[in-house]
Amino acid sequence: MKRLPQDKIYRKLLAALCIEAAFFVVLVIAACVYPSTYTLKGGEKEISLPFGHYFVTCNYEAVQMDATVNYLYIQDSDMTTDKIPQTENYLRDDKDSYTGEFWIYSHKKAVNFSVREIMSDDESTLVNVKSYEVRTTPFVFYVVMIPVFLIIMLTVWGMYIRKRNIIITRKSLAGAGVLFVTMVISCIPMFFDKVIIGHDTLIQLLRLEGIKDGYLAGQFPVKVEPTFNAGYGYAFSTFYGSLFYNIPALFRLMGFSLQFSYKIYVALINIATVLISYYSFKVMLEEKKNAVVGSVLYSLSVYRFYVLYQRGAVGEFTAMTFLPLIAVGLWKIYTMPSDKNLRKQWVMPVIGYWGVIQSHVLSTEIYGGFTLLFCLIMFKKTFKKDRFIVLLKIVLISVILNANYLLPFLESFLLDDLYIKLDTPVGNGLMGIPLAHIFKFYTGKATHYYYIADGGFGCTAIIVIGLLVYVCIKKYFPGDNRKKLWITGIISLISVIIASNIFPWSSIIGFLDEKSGGSFAGKVMHAAGMVFKNVQFPVRYLTVGMFVFTMFTCLVLFCKKDDKVMKVVTGIIVAITIVQFIWLSAAMMKDGNLDIRYAVSQTDKTFTFNLGGFEYMPLREDDGLPYMNMLIDNEECQTTNAKISNYEKYMTNIKVHITTDADSLGMVEFPLLYYRGYKAVDVNTGEKLTLHNSTSSARLSVIVPAGYDGDVKVYYAGKTTWHIAEAVSLLAMIYIIWFSAKSAKEKRRAMTAA
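For clarity, every value in this text was computed on a predicted model and none was experimentally measured.

**Notes on the sheet that holds strand β13 (residues 678-682)**
- Read across the sheet, eight strands follow the order β9-β12-β15-β14-β13-β16-β11-β10 without closing on themselves; strand pairing throughout is antiparallel. What marks the edges here is a single partner per strand, and that holds for β9 (638-640) and β10 (642-650). Looking at each pair of strands side by side, their axes are set apart by 25° on average, direction ignored.
- When strand β12 (residues 666-673) meets strand β15 (residues 699-704), the two strands line up antiparallel, connected through five bridges. Residue pairing for β15: Glu669 is matched across the bridge by Ser701.

**A few points about the pairing of strand β5 (residues 97-117)**
- The pairing of strand β2 (residues 46-62) with β5 spans 13 bridges and is classified as antiparallel. Bridge pairing in β5 links Cys58 to Tyr98.
- Sheet topology places strand β3 (residues 70-75) next to β5; six bridges connect them, and they run antiparallel. Counterpart to Tyr73 in the pairing with β5 is Ser114.

**Topic: the pattern of salt bridges**
- Enumeration over the complete set of coordinates arrives at 22 salt bridges.
- The salt bridge partner of Arg252 is Glu101, with a shortest N-O separation of 3.1 Å. Note that Arg252 is positioned in helix α6 (residues 246-253) and Glu101 in strand β5, a separation of 151 residues in sequence. An identical accessibility class is assigned to Arg252 and Glu101; each is buried.
- One salt bridge connects Asp386 with Arg343, and the closest N-O pair in it is separated by 2.7 Å. With Asp386 in helix α14 (residues 385-401) and Arg343 in the loop between α10 (314-335) and α11 (347-357), the pair connects residues that are 43 residues apart, well separated along the chain.
- Overall, Asp386 belongs to the buried group, its relative accessible area being 15%.

**Regarding the side chain of Thr660**
- Relative to the helices and strands, Thr660 is located in strand β11 (residues 653-660).
- A polar atom in the side chain of Thr660 sits 2.8 Å from the backbone nitrogen of Tyr708.
- Once residues lying within four places of it in the same chain are set aside, the contact partners of Thr660 are Asn641, Ala642, Gly666, Val704, Pro705, Ala706, Gly707 and Tyr708.

**Section: the packing of helix α7 (residues 258-285) against helix α20 (residues 542-557)**
- Axis separation between α7 and α20 bottoms out at 12 Å; the angle between their running directions is 45°. By the angle class used here, α7 and α20 are oblique. For the element pair α7 and α20, the recorded crossing hand is right-handed. Every residue of α20 that contacts α7 at Phe281, Met284 and Leu285 is listed here: Phe547, Thr550, Met551 and Cys554.
- Residue composition of the contact of α7 with α20, by class: six nonpolar, one polar and no charged.

Criteria and thresholds
Residues numbered from 1 in each chain as written. Predicted model: local features only at pLDDT ≥ 70, side-chain atom pairs only at ≥ 80, totals over all residues. Heavy atoms only, no water. Pairing = 2+ DSSP bridges. Helix = DSSP H or I, 4+ residues; strand = E, 2+ residues; numbered from the N terminus. Axes fitted to C-alpha atoms, helices over the stretch in contact; angles between N-to-C directions. Salt bridge = Lys/Arg side-chain N within 4 Å of Asp/Glu carboxyl O. Buried < 20%, exposed > 50% of the residue type's maximum accessible area, 1.4 Å probe, protein only. Polar contact = N/O pair within 3.5 Å; in protein donor to acceptor, adjacent residues only side chain to side chain. Contact = heavy atoms within 4.5 Å. Parallel < 35°, antiparallel > 145°, perpendicular 65-115°, else oblique. Left-handed = near helix turned anticlockwise from the far one by under 90°. Nonpolar A, V, L, I, M, F, W, Y, C, P; charged D, E, K, R; others polar.

Printed below as a string of structure tokens:
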């Protein structure tokens, strides 16, 4: 193939990179100086605004009438909200200001503000508007930054290709094209201005908004999301790994809408899943074309659609992205001979487990259980010295790398009274999905949107089983591949059995509960029962089964290269997989539960209680959950032997002046739920005050010494030991990057020398 001189092209790319980087820096500087505020007073209520993202604060006086509902309307000159997406702006009659969020999605619009009673076209007579304050954000610059950043990445990739003399062939372009189409198909349900509300989507949207608000409150990293529970907060990120979910939170901070930020995250996860699974299958199947097929089958599987869109389970579908890295890492460890190279094979599974642990605690349990099962199946190789040392390295380094999450999680889980630790009936009725549904072609017809799809391998599994019979008759499998087929088949079968309704989960959990007690054996039984209960849905065991069965499918499909029947069947399976995913996408977009969520209104308290099973809510002294009506209605502090003044609250931050009598301790309960990591300090002296859980209400309380008279600041700071763990995790990641770069360099040198 004739190519242009490399140095000339490389220099052009380098020059382009410099220009792009300079332009990006200019955009960053412009974003820092752009924000400004406009104030409308004296009856003014109209302003012309360009494309962008805005906040409007309405300062008002309201007549307190509980039966009256007043809304702030943000409309154009024609009194419509066309191309002005916004929150639902409900004004509370017990407040004197409200801040709403809106966007202008056209070149320029004349925006009109008005406060009206619901279902009325006239200005409300019960609200006296003092002023409107409109604050601009640098959103428009961020909109430009993103494509510029992508262009920079493409330029860097082009430079890498030139430097490494990578030749792009038609086959590689075709493979890349298939992977790109797969990415697009996986994102079809997001191609409209609504968001599909799966089982957990509202929780995850609220969680996203909570992380964003946590950063605005000054937390780093965010451990308690202020948005939940009507502003009382919820420690979602203490108990659920949120490292990767900071990505959509960053988009929210840049001014993108809530649903757009969520969709961007789902799209990025889809892209990462396609690429990571392609890499993993390429290593295991040793051929790029076969890896493309494996990536398509896994990324567009029925089960993945179920987790992505039917359930909206962010933690689970994020963990599924990293599952192939665990698989390819173990594949290398168990297929390589015992030598020095084997001892270096810990990196890939460590990165895989890092991604899973930082995404979803239940997936960590499930993946860990199946890993242990695999190691036991392969016990003859597992307990050989070199291989066993590598496996121990994986465990040890994974713990160190994830210390930033594991330490806060374990400390809070073990030492605090939480709802999840009670013997609740959440898992007593565990039941898997019908066995037939695992092999079903879903038509999208359902009596309820929750059941457009309920997981499974899809109908292609039946074709694979039939093809297996064919290849066995033909005796296509050599000894080594036959062993791989047996292992992947056994693990797939086990996942199907324990995920289906034929497995007696209720009997097993009933037995474990019956045998629970104070003895060591009883405690073990109780712990095992709680683990199974907390899984909640046995269909989750198909997470591992889906990937392993995809590998099983590929082993069957590619066991004989020149068999025409195999090629035809491969095409049929890929076609059915694509058609099934598109079919389900269309059904979900047509009949699913759809909603529009641009942001979370500060007055929409009810929405902030989307917590699922309330697993990590702190308990009152009688082991009950905090009273919901208290969280909704009680925004004030409660005092005992203390007086407060100058009270201010911003998310998880409180400033207040407290005085106590000279002869008695005082106590102040704040409108925040108690979680580890809060601090209370005297603003002037820096003296720390004692915080504890007010067991009567599970609220955060401060004990104030007798004779105290001072200003107190309460805020979430985390714990020193947690921050040390974060530093340790960061150093571990730096070491892994250094080690990987060093190993790659040594490999290139060896290839050059050869």
